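# Structural characterization, general
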Protein chains: 2
Amino acid sequence: MRSSGSLSRDTNVLNRLRAAGLRPTRQRLALAKLLFAHGPRHVTAESLFNEARGNLSLATVYNALHDFTEKGLLREISIKSGQSYFDTNTTAHHHFYFEKTGKLQDVPLESVQISSLPEAPMGETISRVEVVIRLAR
Amino acid sequence: MRSSGSLSRDTNVLNRLRAAGLRPTRQRLALAKLLFAHGPRHVTAESLFNEARGNLSLATVYNALHDFTEKGLLREISIKSGQSYFDTNTTAHHHFYFEKTGKLQDVPLESVQISSLPEAPMGETISRVEVVIRLAR
DNA sequence: ACGAATTCTAGAATAATTCTAATCTGAGAA
DNA sequence: TTCTCAGATTAGAATTATTCTAGAATTCGT
Ligand SMILES: [Mn+2]
Ligand SMILES: [Mn+2]
Ligand SMILES: [Zn+2]
Ligand SMILES: [Zn+2]
């Protein structure tokens, strides 16, 4: 018997929310399970709402996505005008962007070697370097 | 006497539109002059509309920005959710993004040395690599 | 279970952008 | 020059993404 049945998966997700200081409500648990129970994902408020359909409102999806982001469980990404993506992979990494389909795909940090960067402007501090590799339309 | 008076500046902007296959209408000339008559700029539909105020509608600003972009006179940039930037610098280059103010600043191409990149996914072609250097909030 | 704080929800509101349909105009033809 | 009309402009409506509001429901420490 394995230790990754649906009970322990639920428990993991619940603990994850607790650890982040978020109340594990029914709605948040449902969303967190969709987001975190499998591999890394890049979702849209709309796409996540569609997956969770029937059990919660769109406003709650936005609330949860922002709450999760503030607590460091998600990262918000803007590559396309008009709609934000939320990334379950919060570790430093980069992205392929498929212009044809609007999909994102992770690029491991070490796949992109940056051998020199400019100095930050006076009084500023670099908080993160993001590389987007666009794939032709 | 120099050759960069306002007459020749108007002429240059007009020729630029002609060369791009765009009719040099009054509205486009006004916008092109704001965009191209001085150094490189990063504008928003709203910010450009405010500069041109009174002489054209916001819909026209959007039309012009998209027309210019299609003809290669501008580049559209999405770094922030909710609003697009348009960049008058269409050569390959990167950006500093000031999280505090929402402003962009050009980073010359050669200031960022990328010594290795991942292969494009099967059947895909890299069309451009964009680096955004975020400056702490 | 009680109560305070937090969260959820639907719908209204807002903000950015796109669409529509009427009107206008630049620029080549005559 | 004047004529023509494809293409451009316009204001406002429409659409889309997102945020706000205010009341109802839930969570959780006690
Ligand atoms: Mn705004
Ligand atoms: Mn949509
Ligand atoms: Zn990612
Ligand atoms: Zn730029």
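First, a word on what this report is: a plain description of the structure on this page.

## Describing the protein's contact with DNA strand C
As a matter of local geometry, DNA strand C sits amid 20 residues, with T25 and T60 of chain A together with Y62, H66 and G82 of chain B nearest to it. Within 4 Å of the protein, the contacting atoms of DNA strand C are 82% sugar and phosphate, with bases supplying the remainder. Between DNA strand C and the protein, one listed contact pairs a phosphate oxygen with a backbone N or O atom of N55 of chain A at 3.5 Å. At 2.8 Å from a phosphate oxygen of DNA strand C is found a main-chain nitrogen or oxygen belonging to S84 of chain B. When residues of the surface near DNA strand C are traced back to their parent elements, those giving at least two are α2 (26-36) and α4 (58-70) of chain A together with α4 (58-70) of chain B. Looking at the surface near DNA strand C, the element that brings in the most residues is α4 of chain B, giving four residues. In terms of residue class, the surface near DNA strand C is built from six nonpolar, 10 polar and four charged.

## What about the environment of Y97 of chain B?
All names here are of chain B. With respect to the helices and strands, Y97 occurs in strand β4 (residues 93-98). The class of Y97 is buried, set by a relative accessible area of 6%. Here the alpha-carbon distance between Y97 and Q27, two residues 70 residues apart in the chain, equals 30 Å. Ignoring sequence-local partners within four residues, the contact set of Y97 consists of I79, K80, Y85, G102, K103, L104, V132, I133, R134 and L135.

## Examining the protein's contact with DNA strand D
Contacts to DNA strand D come from 22 residues, most closely from Y62 and H66 of chain A together with T25, S57 and T60 of chain B. Close to the protein, within 4 Å, the atoms of DNA strand D belong to sugar or phosphate groups at a rate of 82%. Within the side chain of R23 of chain A, a nitrogen or oxygen atom sits 3.2 Å from a base oxygen of DNA strand D. Contact distances for DNA strand D include 2.7 Å between a sugar or linking oxygen and a side-chain N or O atom of Q27 of chain B. Of all elements in the fold, only α4 of chain A together with α2 (26-36) and α4 of chain B reach the threshold of two or more residues within the surface near DNA strand D. No other element matches the four residues that α4 of chain A contributes to the surface near DNA strand D. Grouping the amino acids of the surface near DNA strand D by side-chain chemistry returns six nonpolar, 11 polar and five charged.

## A few points about the relation of the copies chain B and chain A
If you rotate chain B by 180 degrees and push it 0.1 Å along the axis, it lands on chain A with an RMSD of 0.1 Å. The transformation just described matches what one would write down for a two-fold rotation axis.

## Here's the deal with the coordination of the zinc ion (ligand 3)
All names here are of chain A. Donor atoms from the polypeptide that bind the zinc ion (ligand 3) are H42 (NE2), D87 (OD), H93 (NE2), H95 (NE2) and D106 (OD), placed at 1.9 to 2.3 Å. If you list the donors of the zinc ion (ligand 3) from N- to C-terminus, the spacing comes out as H-x44-D-x5-H-x1-H-x10-D. Residues D87 and H93 agree in their burial class; the two are buried.

## So, the interface of chain B and chain A
Facing the 36 residues of chain B at the interface are 36 residues of chain A. Taken over both partners, the interface formed by chain B and chain A buries close to 2,800 Å², and the fraction arising from carbon and sulfur atoms is 55%. Connecting chain B to chain A are two salt bridges. The partner of R134 of chain B in a salt bridge is E130 of chain A, with the nearest N and O atoms 3.2 Å apart.

## Concerning the sheet that holds strand β2 (residues 75-77) of chain A
Residues and elements named next belong to chain A. The sheet built from three strands is open, its strands ordered β1-β3-β2 with antiparallel pairing. Across the chains shown, the open sheet's two edge strands, defined by having one partner strand only, are β1 (42-43) and β2. Of the strand pairs in this sheet, β2 and strand β3 (residues 85-87) are connected by three bridges, and their pairing is antiparallel. Following the sheet pairing, R75 is matched in β3 by D87. The strands that α4 touches are β1, β2 and β3; relative to β3, the one it contacts most, it runs at about 45 degrees.

## Some words on the side chain of E99 of chain B
All names here are of chain B. Along the polypeptide, E99 turns up in the loop between β4 and β5 (103-108). The buried category is assigned to E99, whose relative accessible area is 14%. Separated by 3.2 Å, the side chain of E99 and the backbone nitrogen of R137 make a polar contact.

The rules we used
Residues numbered from 1 in each chain as written. Chains lettered and ligands numbered in written order. Predicted model: local features only at pLDDT ≥ 70, side-chain atom pairs only at ≥ 80, totals over all residues. Heavy atoms only, no water. Near = heavy atom within 4 Å. Polar contact = N/O pair within 3.5 Å; in protein donor to acceptor, adjacent residues only side chain to side chain. Helix = DSSP H or I, 4+ residues; strand = E, 2+ residues; numbered from the N terminus. Nonpolar A, V, L, I, M, F, W, Y, C, P; charged D, E, K, R; others polar. Buried < 20%, exposed > 50% of the residue type's maximum accessible area, 1.4 Å probe, protein only. Contact = heavy atoms within 4.5 Å. Least-squares fit on C-alpha atoms with pLDDT ≥ 70 in both. Donors = N, O, S within 2.8 Å, 3.2 Å for Na, K, Ca; no water. Buried area = accessible area lost by both parts, 1.4 Å probe. Salt bridge = Lys/Arg side-chain N within 4 Å of Asp/Glu carboxyl O. Pairing = 2+ DSSP bridges. Axes fitted to C-alpha atoms, helices over the stretch in contact; angles between N-to-C directions.

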